[in-house]
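Examination of the molecular architecture
Chain by chain, the residues run as shown.
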Amino acid sequence: MAVNAFIFPGQGSQAVGMGRDLAASFAPARHVFEEVDEVLKQKLSKLMFEGPSDELTMTENAQPALMAVSLAVLRVLQQEGKLNLKEKIVLAAGHSLGEYSALAAVDAFSIANAAKLLKLRGLAMQKAVAPGLGAMAALLGVDLDMAKEICAEAEDGPDGRETVSAANDNGGGQVVISGHKAAVERAIEIAKGKGVKRAMLLPVSAPFHCALMAPAADAMAEAFANTPPHAPVLPIIANVTAAKATDPNEIRDLLVRQVTATVRWRESVEEMVKLGVTNFYEIGSGKVLSGLVKRITPDAAAMPVGSPADIEAVLKVL
């Protein structure tokens, strides 16, 4: 018997045009986009549908935009497809900002609060590090232990204060590292010397999920004092622990830690499989997570659900 989990994409899955077909086809999707536009006092949906790409890619825009598309898909499944979440899935999880989408999906946050929190999170992450000071790089053909060794060797630098660490353990031999630009560049050279298949800088605006993001973590702690999560109707698998979380206080603390901690996506998927999940549905824009799931656990099924055609297909099997 199939056991289902919904997973929610993170930054990098945004693309101009996302959500446009959903809005044209389904009233519940339009309502989500209108609600997010209204609460953010911004025509975010126009930016999603029409671009420009560089503006959509800005962290403060990409984060709430990706959540909006994910929740638009979910609302269509629930309202048009009469999908009962608690009957059809056992777990939810999201990659980085996708964790907020997952939490909104399981009613720990309203869509409006998730949008406001992600706008704030994006701004705080952008402001945490001066432009040009930080960087991120992808290491391909490494496991987490090797990536940690490379980072340890690359840290400190001439002034003894440069840091680099594992930001995302994505699975399938892909680890993203993050930190001071000079330390990240040293890590790339060290990785090449160790025979790593590929090591390359990523085109990102800030070094996410590392110690340099501490000011953004503080900003989120302050935000949650006013907008705490509610108890979710289903458990999530948290990025920070790769384990189930249901207690609102724990979820809040994990979301604060998540800003500076490694996204343990590989272990999260492995944990969901251990808990019996056989089918993963990626709710929202793109298919990055579906590809990662297939590399982490080839026996599991993974399906992106982001277009009207995808929604039609998934409602036939759920």
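Refer to the structure printed above.
Reading guide: rules and limits
Residues numbered from 1 in each chain as written. Predicted model: local features only at pLDDT ≥ 70, side-chain atom pairs only at ≥ 80, totals over all residues. Heavy atoms only, no water. Helix = DSSP H or I, 4+ residues; strand = E, 2+ residues; numbered from the N terminus. Buried < 20%, exposed > 50% of the residue type's maximum accessible area, 1.4 Å probe, protein only. Contact = heavy atoms within 4.5 Å. Phe/Tyr/Trp six-rings, centres within 6.5 Å; stacked < 30°, edge-to-face > 60°. Polar contact = N/O pair within 3.5 Å; in protein donor to acceptor, adjacent residues only side chain to side chain. Salt bridge = Lys/Arg side-chain N within 4 Å of Asp/Glu carboxyl O. Arc of directions from axis to C-beta. Core = buried A, V, L, I, M, F, W, Y, C linked by side-chain atoms within 4.5 Å.

A look at the overall build of the protein
The secondary structure content of the protein amounts to 15 helices and 10 strands. A principal-axis box enclosing the C-alpha atoms of the protein has dimensions of 60 × 45 × 35 Å. Evaluated residue by residue, the protein yields a buried proportion of 53% over its 318 residues. Within the protein, counting contacts between residues at least 6 apart in sequence, those at least 24 apart form 74% of the total.

Quick look at the environment of Arg 198
With respect to the secondary-structure elements, Arg 198 resides in strand 6 (residues 198-201). Dropping the residues within four chain positions of it, Arg 198 is found in contact with Ala 138, Leu 139 and Leu 140.

Quick notes on the packing of aromatic side chains
Under the counting rule described, the total for this entry stands at five aromatic pairs. Measuring from centroid to centroid gives 6.1 Å for Phe 6 and Tyr 281, while their planes differ by 75°, and the two rings are edge-to-face. Of this pair, Phe 6 sits in strand 1 (residues 4-8) while Tyr 281 sits in strand 9 (residues 279-283), placing them 275 residues apart in sequence. Each member of the pair, Phe 6 together with Tyr 281, is buried.

Some details on the side chain of Gln 258
Of note, Gln 258 is situated in helix 12 (residues 248-258). What makes Gln 258 buried here is its relative accessible area of 1%. Within the structure, the side chain of Gln 258 is placed 3.3 Å from the side chain of Glu 99, a separation counted as a polar contact. Reaching out from Gln 258, the side chain makes a polar contact with the side chain of Asn 239 at a distance of 3.2 Å. Excluding anything up to four places from it in sequence, Gln 258 contacts Ser 96, Glu 99, Tyr 100, Arg 121, His 209, Asn 239 and Val 240.

Concerning the pattern of salt bridges
All chains considered together, the criterion is met by nine salt bridges. Between Lys 119 and Glu 60 there is a salt bridge, with the nearest N and O atoms lying 3.3 Å from each other. You can see Lys 119 sitting in helix 8 (residues 111-128) and its partner Glu 60 sitting in helix 5 (residues 59-79), a full 59 residues away along the chain. In this structure Lys 119 comes out as buried when scored by relative accessible area, which is 14%. A salt bridge links Glu 162 to Arg 186, with the shortest nitrogen-to-oxygen separation between them at 2.7 Å. Here Glu 162, found in the loop between helix 9 (144-154) and strand 4 (164-171), pairs with Arg 186, found in helix 10 (residues 181-193); they are 24 residues apart in sequence, far enough to count as distant.

Concerning helix 13 (residues 265-274)
Turning to helix 13, its buried residues number three or more, namely Trp 265, Ser 268, Val 269 and Met 272. Along helix 13, the residues classed as buried sweep out an arc of 95° about the axis, all on the same side. Each element contacted by the buried residues of helix 13 is listed here: strand 1, strand 2 (91-94), strand 4, strand 7 (236-237), strand 9 and helix 14 (288-296). Just downstream of helix 13, Gly 276 is the residue with a positive phi angle, here 105°.

Remarks on the nonpolar core
Grouped together as the largest cluster of nonpolar side chains are 79 residues, with contacts concentrated most on Phe 6, Phe 33, Val 36, Met 48, Met 213 and Ile 283. Counting residues per element, this core draws most heavily on helix 5, which supplies 11 residues. Other than its neighbours up to four places away in sequence, Phe 33 contacts Gly 19, Ala 23, Ser 45, Met 48, Phe 49, Ala 68, Val 69 and Ala 72. Among the nonpolar cores identified, the runner-up in size contains 21 residues, and Ala 135, Val 142, Ala 147 and Cys 151 belong to it.

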